[in-house]
Amino acid sequence: MGQLKPGSVAKSEGKLGVMCVGLGAVASTFIAGVELSRKGLAKPYGSLTQLATIRLGKRTEERAPLIRDFVPLASLEDLVFAAWDPVPDDAYRSCLHCGVFDKHEHVEPIRPFLEAIKPLPAVFDQTYVKRLEGKNVKTGKNKRDLAEQLRADIRDFKAKSGASRLVIVWCASTEIFIVPGAAHETLASFEKAMEANDPSIAPSMLYAWAALMEGIPFANGAPNLTCDIGAITELAASKKVAIGGKDFKTGQTMIKTVLAPMFKARMLGVAGWYSTNILGNRDGEVLDDPESFKTKEESKLGVLEFILQPKLYPELYGKLFHKVRINYYPPRGDNKEGWDNIDIFGWCGYPMQIKVDFLCRDSILAAPLVLDLALFFDLAHRAGMSGVQEWLSFYFKSPQAIPGVYPEHDLFIQQTKLKNTLRWMMGEPVITHLGQDYPTD
Ligand SMILES: NC(=O)c1ccc[n+]([C@@H]2O[C@H](COP(=O)([O-])OP(=O)(O)OC[C@H]3O[C@@H](n4cnc5c(N)ncnc54)[C@H](O)[C@@H]3O)[C@@H](O)[C@H]2O)c1
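Scoring rules and cut-offs
Residues numbered from 1 in each chain as written. Predicted model: local features only at pLDDT ≥ 70, side-chain atom pairs only at ≥ 80, totals over all residues. Near = placed C-beta within 6 Å. Helix = DSSP H or I, 4+ residues; strand = E, 2+ residues; numbered from the N terminus. Nonpolar A, V, L, I, M, F, W, Y, C, P; charged D, E, K, R; others polar. Domains from an automatic or database assignment. Pairing = 2+ DSSP bridges. Axes fitted to C-alpha atoms, helices over the stretch in contact; angles between N-to-C directions. Contact = placed C-beta atoms within 7 Å. Buried ≥ 20, exposed ≤ 12 C-beta atoms within 10 Å, placed from the backbone. Arc of directions from axis to C-beta.

### Description of the site of the ligand
Then, in step 1: What surrounds the ligand is a group of 36 residues, the closest being G22, G24, V26, A222 and R282.
Then, in step 2: Elements that contribute at least two residues to the shell around the ligand include exactly α1 (25–38), α13 (282–287) and α16 (362–382).
Then, in step 3: Of the residues contributing to the shell around the ligand, the split by class is 22 nonpolar, nine polar and five charged.
Then, in step 4: Residues from two domains meet in the shell around the ligand; each of domain 1 (15–248 + 363–425) and domain 2 (252–359) gives at least three.

### Digging into the sheet that holds strand β7 (residues 321–328)
Hydrogen bonding along the main chain pairs the strands of a sheet, whether they run parallel or antiparallel.
Then, in step 1: Taking strand neighbours across the sheet as the criterion, the four strands line up as β7-β6-β8-β9 in an open arrangement whose pairing is mixed. What marks the edges here is a single partner per strand, and that holds for β7 and β9 (351–359). Neighbour to neighbour, the strand axes of the sheet diverge by 10° on average, direction disregarded.
Then, in step 2: Here strand β8 (residues 337–345) runs beside β9; their pairing, made up of nine bridges, is antiparallel. The residue bridging D340 from the neighbouring strand is V356, located in β9.
Then, in step 3: Its contacts with the sheet put helix α12 (residues 252–265) on β6 (269–279), β8 and β9, and the angle it makes with β8 is roughly 15°.
Then, in step 4: Across the sheet, helix α14 (residues 290–308) lies against β6 and β7, angled at about 150° from β7, the strand it touches most.

### Focus: the domain arrangement of the chain
Then, in step 1: Its domain assignment divides the chain into domain 1 (15–248 + 363–425) and domain 2 (252–359).
Then, in step 2: Here the C-alpha centre of domain 2 lies 26 Å away from the C-alpha centre of domain 1.
Then, in step 3: Contact residues are listed per partner, giving 26 residues for domain 1 and 27 residues for domain 2.
Then, in step 4: Of the residues in the side of domain 1 that touches domain 2, the class split is 11 nonpolar, eight polar and seven charged.

### Digging into the pairing of β6
Then, in step 1: Strand direction decides the pairing type here: β6 and β8, joined by nine bridges, are antiparallel. Bridge pairing in β8 links N277 to G338.
Then, in step 2: Summarising the sheet, β6 and β7 pair through eight bridges and their orientation is parallel. Note that in β7 the partner of G272 across the bridge is F321.

### Details of helix α4 (residues 91–98)
Then, in step 1: When we look at burial in α4, the residues that qualify are A91, Y92, S94, C95 and C98. Down the axis of α4, the buried set is contained in an arc of 165°. They therefore lie on one face.
Then, in step 2: Once α4 finishes, G99 follows within two positions and takes phi at roughly 70°, a positive value.

Shown next, in the form of structure tokens:
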């Protein structure tokens, strides 16, 4: 991934501009939550960059600084925001529409700040998100022209906001399922396809291309193909920019990637895993379209295969029946309910069941991930790390891996990798938990 000399990370100086693609539930909850935290009106729970510590050295040393005191991250005060969205609502209207925050306690006190964040016209095409209609949309002679307009937006925001650096996080809708094809293979074929208005080039890919052309890191919070194609990884390498994705790991999949490693660690078999959700926000509505759901389904289904390794353990996991459903159910709004029924078996094949009922809040879980990704991608950029940032797999349901290796899904292996990468970046020894030289390991 990188070309880093450990311990040589440039300081965070000046403002960091965070550009969100999409100003819906996740993005508006993220932006409002940062401002509420800055004003002391709420706490940034769920964010490692704000709350987590990191152990350094031997256990006997008792050194455990906050991550944000250990690595040179941008502070919340340094953040400035922009967004694109085909829906013209500013961040205040979006917060009210999405209904995640209490209007009187958390939206009205920061109303002028939120009203000032007005979405830039989006590169949007209903072919790729069937259930949305966009009015705040760019027009252009072809896809390349549209992507060039995004580049102009990026430069303009940087100049107007006075930000010294930018990061872009895709917080927009899930697009229809796209299979990687010839147009995605190389940068040359991709650019030709943009000019020819090739249907296999989705809007999300145009944002990724524009970001990288401007030297801006790009993180993909949806399951869209976007930067998981040869053309974009090639561009990231040549421009020396960090990329990563895909699909924020928040509710049901976060739980899945904690439970599945436990079954495997104890050599317990899994016969079936049935996961269903009810969700009533705009994301739920978009995912009600079978073509967008297919993209999400692929992202959610991959997890168990990689963790349980049925090829290595055919008796335990070879016949696993895995089903994932998402049902659009408007009365619940952003408050998703995720049920899991897991049929496991143990000693001598005796069956057991586990039921999980997670009454979660989708955007409350996702917002701190956007914050951490923005700050860590900016850190990676300053550390000179480019290409796929596998160490940030912790945040993704379907982590993008470098060619030739499988992605790591286990939440706690991902966390160890993230923290060891931070130690390595700062020239501290990585922690192996070997413990043979106890008590000083
Ligand atoms: N816990 C979570 O909330 C969670 C977890 C994993 C992934 N995600 C993904 O994050 C994304 C955002 O979720 P959300 O709940 O905020 O959805 P949302 O529907 O509230 O917001 C998405 C916004 O993106 C906009 N949009 C669509 N296409 C666009 C384009 N081409 N350019 C710019 N804007 C565009 C839409 O108009 C909408 O306002 C979705 O793809 C969702 O699947 C969310």
